[in-house]
Amino acid sequence: MFDYIIIGAGIIGSMVARELSKYECKVLVVEKENDVANVQTLANSAIIHAAYNPEPGSLKAILNIKGNYMYDQLEKELDIPILRCGAYVVAYNEIEENELDRLADIAAQNGVPEFSVLSYSEAFKKEPNLSSNVTKVLSLPTTKVTYPWEVAFAAMENAIKNGVNLKLNYQVTGIKKTNDYFEVEINNQDIINSKYLINAAGVSSDDIAKLIEKQPKFLIKGRKGEYFVIDRRYGDFVNHVIYPLPTEAGKGVLVTPQVHGEVLLGPNSIWVDDKNHPTTTFEGLKYVKDHSKTLINNIPYDRIIRSFAGVRASSNHEDFYIKESEEVKGLYHLGGIESPGLSAAPAIAEYLVNEIMQVNNKYELNKSYNPIRKKPIPYYDLDENKQKELYAANNLYGRIICKCERITEKEIIDAIHGTLGSSTIKGIKKRTRAGAGLCQGGYCEEKVMKIIARELNVSPLEVAYDKKESKLFTSETKVVKK
Ligand SMILES: Cc1cc2nc3c(=O)[nH]c(=O)nc-3n(C[C@H](O)[C@H](O)[C@H](O)COP(=O)(O)OP(=O)(O)OC[C@H]3O[C@@H](n4cnc5c(N)ncnc54)[C@H](O)[C@@H]3O)c2cc1C
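Residues numbered from 1 in each chain as written. Predicted model: local features only at pLDDT ≥ 70, side-chain atom pairs only at ≥ 80, totals over all residues. Heavy atoms only, no water.

Visitor: Just checking my understanding: could you explain the side chain of K275 for this structure?
Guide: Counting through the fold element by element, K275 comes out in the loop between strand 17 (270-272) and helix 7 (282-292). Looking at K275, its side chain comes within polar contact range of the side chain of D206, at 2.9 Å. (Helix = DSSP H or I, 4+ residues; strand = E, 2+ residues; numbered from the N terminus. Polar contact = N/O pair within 3.5 Å; in protein donor to acceptor, adjacent residues only side chain to side chain.)

The structure is reproduced here in structure tokens:
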């Protein structure tokens, strides 16, 4: 019997797991995918917003501000990358300038620690490609960018080190509650029991509620966003996150520098019925292209290396829905965690666990809790002496598998066998960046596939790109043998 089962290992489930690992309780995270952070947490803008537009007093505002501040501490504890680039929200005419002033007022009410309104010429000095149609700018220096799935990995790895259990490929298909515990059905067959249940299932959180509640109090409607990625070698045309003014459809198409140097263009905002299979479209990407060029000049569209889409977990509530179920005691919902969900994630986890522990105050603090997680430094970021030392100990550091990102065979092997190891090509990409560069895996995917097969002692034909049905090869070829 577990004390807590958390459904979903996105950034929210991972942060909640880490927060619960501070207590002496038995926690299990169940995730339907074969990796952590494979849904919303994989496909977003990666921005830790400054809280310039959520409604003052809302959970979105309170937890965004707190989360933004908490990332500074997490950077030290979890060794996660943060780019402190700041942001500019731009206005194009007098009406929009009034709206910009209103946003500055909201930022003040929300307690954003630093912000200022700049003239075009002031902003231009720091952002030389800013469109000359811009008339005024709201500058938000506390806006940061991170690497969202690495944050989720880091939190989950740290939670596991502190005693949390994680089961991948575990889809919750049924929930019952007897007098004092939950029976959670996995993959339509096994049953696991827990005293409490935490629903962190992202776009599917309303489907989880429907498994046990007669009248769920929130509904999720998917809102798709599509993006272009610009090669990191051509990312220096922009220095800040550039936002247009927000509208009812969200924060709009942005230009966003990334921690490894790429730049994201997007997202658009399209309501979708299918919450689980986001795809890019010609029209969607054209919209992104047309709107990004109104913000910044000299965007190198000929250096786009990838496009992708994600679906936001928008709900019928304006605010995050973070509450114990009104129908089923002991079931806690984290519903409608759309933007600024990444920014607020650490604060959401702290808020929920504080609420829970106020009621269930029987759990002692975990005296051996260690907040620190260390990430190996990429081989090619080390100084020459350290590289020579590592190579002398293991010559697989001398075999570069991903030439674009300079990732060695030894680093790939370590990622396969790590605390949160992976057996898929995409999993290795998320952990090491092998395949994240200019050629997008054209050169290294087959090599990574063979290393995974060798290390896990399976046929290369069994190795999947991502989901288990996404095998690269269906039968033997001259170079790929069983
Ligand atoms: C296009 C877009 C742009 C965004 N930009 C930003 C941004 O710049 N800044 C920001 O702060 N926020 C942003 N967000 C929001 C942010 O990405 C989300 O709020 C955050 O990732 C939500 O995390 P999550 O863990 O709730 O959801 P997810 O990452 O989706 O995790 C939920 C998990 O639950 C699992 N699950 C679902 N059903 C089951 C089941 N039955 N059994 C077991 N597991 C299950 C899923 O597989 C998934 O892994 C953006 C979102 C999108 C889509």
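Visitor: Help me understand the nonpolar core in this model?
Guide: Inside soluble globular proteins, nonpolar side chains tend to come together where they are buried. Core analysis: the largest hydrophobic core is formed by 56 residues, its most contacted members being Y4, V16, Y71, I198 and L334. For this core, the secondary-structure elements that each account for two or more residues are strand 1 (2-7), helix 1 (11-20), strand 2 (27-30), helix 2 (59-78), helix 5 (148-161), strand 12 (190-199), strand 20 (331-335) and helix 8 (341-359). At ten residues, the largest contribution of residues to this core is made by helix 8. In contact with Y4, not counting residues within four places along its chain, are L20, C25, K26, V27, L28, S194, Y196, I198, I356, M357, N360 and Y363. (Core = buried A, V, L, I, M, F, W, Y, C linked by side-chain atoms within 4.5 Å. Buried < 20%, exposed > 50% of the residue type's maximum accessible area, 1.4 Å probe, protein only. Contact = heavy atoms within 4.5 Å.)

Visitor: Explain the side chain of E262 to me, please; I cannot follow it from the model alone.
Guide: Position of E262 among the secondary structure elements: in the loop between strand 15 (254-257) and strand 16 (263-266). Separated by 2.7 Å, the side chains of E262 and R433 make a polar contact. Every residue in contact with E262, bar those within four places of it in the chain, is listed here: V229, I230, D231, R232, T256, P257, R433 and A436.

Visitor: I'm lost on the site of the ligand in this one. Help?
Guide: Near the ligand lie 38 residues; those nearest to it are E31, T41, I47, I337 and S343. Residue T41 places a side-chain N or O atom 2.5 Å away from an oxygen atom belonging to the ligand. With respect to the ligand, the backbone of V172 contributes an N or O atom lying 2.9 Å from a nitrogen atom. Secondary-structure elements contributing two or more residues to the shell around the ligand are helix 1, strand 18 (304-315) and helix 8. Taken together, the residues of the shell around the ligand sort by class into 19 nonpolar, 14 polar and five charged. Counting the residues that make up the shell around the ligand, at least three belong to each of domain 1 (1-81 + 145-219 + 316-375) and domain 2 (82-144 + 221-312). (Near = heavy atom within 4 Å. Nonpolar A, V, L, I, M, F, W, Y, C, P; charged D, E, K, R; others polar. Domains from an automatic or database assignment.)

Visitor: How should I be thinking about the pairing of strand 7 (residues 136-140) in this particular structure?
Guide: Side-chain positions along a regular strand alternate between the two faces of the sheet. Summarising burial for strand 7: four of the five residues are buried, a large majority. The pairing of strand 5 (residues 87-91) with strand 7 spans five bridges and is classified as antiparallel. Residue pairing for strand 7: V90 is matched across the bridge by V137. Where strand 6 (residues 116-119) meets strand 7, four bridges bridge the pair, whose relative direction is antiparallel. Its bridge partner lying in strand 7, S119 is registered against K136. (Pairing = 2+ DSSP bridges.)

Visitor: Explain the pattern of salt bridges to me, please; I cannot follow it from the model alone.
Guide: Enumeration according to the criterion identifies 37 salt bridges in this entry. One salt bridge in this structure joins K430 and D35, with 3.2 Å as the shortest N-O distance. Here the residue K430 occupies a position in helix 11 (residues 425-432), and D35 occupies one in the loop between strand 2 and strand 3 (47-48), the gap between them amounting to 395 residues. Across the pair K450 and E446 runs a salt bridge whose closest N-O atoms are separated by 2.7 Å. Residue K450 and its partner E446 are located together in helix 12 (residues 445-456), separated by four residues, close to a single helical turn. (Salt bridge = Lys/Arg side-chain N within 4 Å of Asp/Glu carboxyl O.)

Visitor: Before we go on, may I ask you to explain the pairing of strand 12 in this structure?
Guide: By the bridge criterion, five bridges tie strand 1 to strand 12 in an arrangement that is parallel. Bridge assignment links I5 to a residue of strand 12, and that residue is L197. With five bridges connecting them, strand 11 (residues 182-186) and strand 12 associate as antiparallel partners. Bridge assignment links E185 to a residue of strand 12, and that residue is I191.

Visitor: So what exactly am I meant to see when it comes to the sheet that holds strand 8 (residues 144-146) here?
Guide: Paired through backbone hydrogen bonds, the strands of a sheet run either parallel or antiparallel to each other. An order of 3-8-4 is seen for the three strands of this open sheet, with the pairing classed as antiparallel. Bordering the open sheet on either side are strand 3 and strand 4 (82-83), each of which pairs with just one other strand. Bridge count between strand 3 and strand 8: two bridges; the pairing is antiparallel. Its bridge partner lying in strand 8, I48 is registered against K144.

Visitor: Looking at this structure, how should I read unusual backbone geometry?
Guide: With glycine set apart, most residues show a phi of negative sign, and most peptide bonds adopt trans. With an omega of 5°, the peptide bond running from G266 to P267 counts as cis. Tracing the sequence through the fold places P267 in the loop between strand 16 and strand 17. Of the consecutive residues S339 and P340, the connecting peptide bond is found in the cis state with omega at 10°. With respect to the element layout, P340 can be found in the loop between strand 20 and helix 8. Notably, A37 is not glycine yet its phi reads approximately 55°, a positive angle.

Visitor: Help me out: how do you make sense of the domain arrangement of the protein chain in this one?
Guide: By the assigned domains, the protein chain splits into domain 1 (1-81 + 145-219 + 316-375), domain 2 (82-144 + 221-312) and domain 3 (379-462). Distance from the C-alpha centre of domain 2 to the C-alpha centre of domain 3: 33 Å. Tallying the contact residues gives seven residues for domain 2 and eight residues for domain 3. Interface of domain 2 and domain 3: buried area, both sides summed, is about 590 Å²; carbon and sulfur atoms make up 41% of it. On the domain 2 side of the interface with domain 3, the three residues burying the most area are R232, I305 and R306, jointly 60% of the side's total. If you look at where domain 2 meets domain 3, you find two salt bridges. Across the salt bridge formed by R433 and E262, the nearest N and O atoms sit 2.7 Å from each other. Between domain 2 and domain 3 we count four residue pairs in polar contact (both at pLDDT 80 or more) in total. (Buried area = accessible area lost by both parts, 1.4 Å probe.)

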